[in-house]
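Fold and contact review
Spelled out, the chains give:
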Amino acid sequence: MSSEVSPLAKVGGLADVVGSLPKSFDQSKVDSAIFIPAYSEINLKSIMAETVLKKNIQFLGSEYKIQILKSELPNSKVPLFLVSENSYLSQGPIYGKSKSDKEGETFKFLLFSKAVLESFSELGWVPDIIHTHDWPTAPLCVMVKSLPESHPLSKVKTVLTIHNINHQNYAGEEMLRGVGIKIDQLDPSTKSESNSQYYNLFAQSILSTDRVNTVSPQYAKEILTAEYGVGMDKFLKTKAGGVVGVLNGIDVDYYDPSTDQSVYFRYSSKNLDEKAFNKTNLQKMFGLEIDVSKMLAGGVTRIDNQKGIELVLAAADELKNENIQFILLGTGDEKLSKKLQQLAKKQPKSFVFINRYDHPLARKIYASSDIFLMPSRFEPCGLTQLIAMRYGSLPLVRDTGGLHDTVKDHKKPGGYGFVFGPFTSEALTNSILEAQKLFQLKNVWRKLQLRAMEQDFSWNRSAGKYLDMYQELVN
Ligand code: ADP
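Residues numbered from 1 in each chain as written. Predicted model: local features only at pLDDT ≥ 70, side-chain atom pairs only at ≥ 80, totals over all residues. Heavy atoms only, no water.

**Focus: the overall build of the chain**
A tally of regular secondary structure across the chain gives 18 helices and 16 strands. Across its three principal axes, the chain shows a C-alpha extent of roughly 70 × 45 × 40 Å. Residue burial in the chain is summarised as follows: out of 475 residues, 57% are buried. Counting contacts in the chain only where the partners sit at least 6 residues apart, residues at least 24 apart contribute 70% of the total. (Helix = DSSP H or I, 4+ residues; strand = E, 2+ residues; numbered from the N terminus. Buried < 20%, exposed > 50% of the residue type's maximum accessible area, 1.4 Å probe, protein only. Contact = heavy atoms within 4.5 Å.)

Below, the structure written as structure tokens:
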């Protein structure tokens, strides 16, 4: 159960994970299917989605006409169910545009969960486990605990994967009752401090789920602390099975520079010289000086306080005379985006900011850049550094969360990246300058690139850990 799935409905890494993990399962061992809302941005015809169920759902005194359509996750045989409903689920963007939309979003995803729960038995498929992801679908873990014994799913086990603990939501008692949640079964410590009629639904989901995990071993440790836990540390600490950190993988067929149709020149580790043509084409496209000897620092990111954008702003300004070019693609926070636009205007020869969501361009940046910036304040796993490595772009990251687990500093034996500690623009600037020095040493650089490209970040490494978790739950 997810709010995002790549390549159909994507905002961030959650989509990549839900769109690739089920593909990596041996379908003879796990009979899995994905459920998402049928957002208006999904072209149902192009994925040949067929209606399998029509029904009416009652929610908070109104009736909603839903349709469940069935298709397959593109390039796979994994069944994909899409829930269509005209007034909320299939209206507007995946998430609301502002924080004030949160209550509306909560309503929308609760309606989605309710629709799915009420449809399972009619779909002729009763799962052993429901795997939920982040705050939009986490409440299902609470909802199933309130199901009557007679419901076919009353014994279902739940898994909650935390992709980002900072995103949480609240719901009032009326809305909770509306999805069948019994208020007297809720833990009073999950009540909102400012309004006792409201509950932190994410906290309650953590308490209710049978297993909770997150997307890297380091982040699993970090979220148990007050610094990173955003109030959830105390709930996570009560979980008997602990919080497991399962490192995310990427779809290595989807992200492959030797077959990628979006890049200017395809290449692999065998003809890595070709990568430079991608850089010169990108330089040309964005009016940068066409020069392979200039180090190109790339970034593809949500523009968010999480991602260390203010450090990039300061470092790019500091390094304006250093023969380094920056190119950043991203959308999100308006204030930060404005600052990025201003810098790009001031330094058009060294700093490019593209303020849009653009998959093909993202791939061009992975293929063209020499280093890939991720100076995150916190990072549950991070996928972009993994994708960048696959394209021979060396990750330059802050030592936090999944970045700690996936990027080995070049100074360590077998290392292939640049890792810095303090969340300061000086630390980022120094790290970029360190990279630039090594960039001049072509043979050393090539060796690091080859090492980065050799790393196995496919799901082969960690899909088995999810299978073990599922197995434990059904035994
Ligand atoms: P998060 O989930 O915190 O946003 P991740 O590194 O886990 O960060 O995943 C981000 C995913 O979203 C990557 O696949 C990245 O390529 C993609 N992405 C982010 N911003 C954009 C954008 N503006 N255009 C295209 N793809 C983007």
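**Quick notes on the site of the ligand**
K10, G13, R302, K307 and Y366 are the nearest of the 21 residues found near the ligand. Between an oxygen atom of the ligand and a main-chain N or O atom of G13, the distance comes to 2.6 Å. D358 is positioned such that a nitrogen or oxygen atom in its backbone is 3.0 Å from a nitrogen atom of the ligand. Protein coverage of the free-state accessible area of the ligand, which is 570 Å², stands at 93%. In terms of residue class, the shell around the ligand is built from 8 nonpolar, 7 polar and 6 charged. (Near = heavy atom within 4 Å. Polar contact = N/O pair within 3.5 Å; in protein donor to acceptor, adjacent residues only side chain to side chain. Areas by Shrake-Rupley, 256 points an atom, 1.4 Å probe, with all protein chains shown as cover. Nonpolar A, V, L, I, M, F, W, Y, C, P; charged D, E, K, R; others polar.)

**Considering the environment of Q185**
In this fold, Q185 is placed in the loop between helix 5 (173-178) and strand 8 (198-200). If near-sequence neighbours (up to four positions away) are discounted, Q185 is found in contact with K145, S146 and Q204.

**Some details on the pattern of salt bridges**
If you walk through the whole model with that rule in mind, you get 22 salt bridges. Note that D251 and K23 form a salt bridge whose closest N and O atoms lie 2.9 Å from each other. Of the two residues, D251 is situated in the loop between strand 10 (243-245) and helix 10 (275-285) and K23 in helix 1 (residues 13-24); the sequence distance between them amounts to 228 residues. According to the relative accessible area criterion, K23 is partly exposed, its value standing at 29%. For K145, the salt bridge identified is with D210, shortest N-O distance 3.5 Å. Linking K145 in the loop between helix 4 (140-143) and strand 6 (157-162) with D210 in the loop between helix 6 (201-208) and strand 9 (211-214), this pair joins segments that are 65 residues apart in sequence. Since its relative accessible area comes to 25%, D210 is described here as partly exposed. (Salt bridge = Lys/Arg side-chain N within 4 Å of Asp/Glu carboxyl O.)

**A closer look at the domain arrangement of the chain**
One can read the domain layout of the chain as domain 1 (13-249 + 460-474) and domain 2 (269-454). Once you take the C-alpha centre of each, domain 1 and domain 2 turn out to be 33 Å apart. Carbon and sulfur atoms make up 63% of the area that domain 1 and domain 2 hide from each other, which totals about 1100 Å². Between the two partners, domain 1 and domain 2, sit 6 residue pairs in polar contact (both at pLDDT 80 or more). Elements that contribute at least two residues to the side of domain 1 that touches domain 2 include exactly helix 1 and helix 7 (217-222). Ranked by residue count, the leading element in the side of domain 1 that touches domain 2 is helix 7, at 4 residues. (Domains from an automatic or database assignment. Buried area = accessible area lost by both parts, 1.4 Å probe.)

**Regarding helix 11 (residues 309-318)**
Considered for burial, the residues of helix 11 that qualify are I309, L311, V312, L313, A315 and A316. Elements that come into contact with the buried residues of helix 11 comprise strand 11 (295-303), strand 12 (324-332), helix 12 (334-346), strand 13 (351-354), strand 14 (371-374) and helix 16 (425-439).

**Looking at the sheet that holds strand 2 (residues 50-59)**
Read across the open sheet, the 4 strands follow the order 1-4-3-2; overall the sheet is mixed. Each edge of the open sheet is held by one strand with a lone partner, namely strand 1 (34-37) and strand 2. The average undirected angle you get between the axes of adjacent strands in this sheet is 25°. Note: strand 2 against strand 3 (residues 62-72), 9 bridges, orientation antiparallel. (Pairing = 2+ DSSP bridges. Axes fitted to C-alpha atoms, helices over the stretch in contact; angles between N-to-C directions.)

**Side note on the packing of aromatic side chains**
By the definition in use, this model includes 20 aromatic pairs. Look at Y366 and Y391: their rings are 6.0 Å apart centre to centre, the planes differ by 35°, and that puts the pair in the tilted class. Remark: Y391 occurs in the loop between helix 14 (384-390) and strand 15 (394-398) and Y366 occurs in helix 13 (residues 359-368); sequence separation between them is 25 residues. Pair check on accessibility: Y366 and Y391 agree, each one buried. (Phe/Tyr/Trp six-rings, centres within 6.5 Å; stacked < 30°, edge-to-face > 60°.)

**Details of the side chain of S119**
Residue placement: S119 occurs in helix 2 (residues 102-123). Residue class for S119 comes out buried when judged on its relative accessible area of 0%. What S119 contacts, discounting residues up to four positions off in sequence, is L53, K55, I66 and I68.

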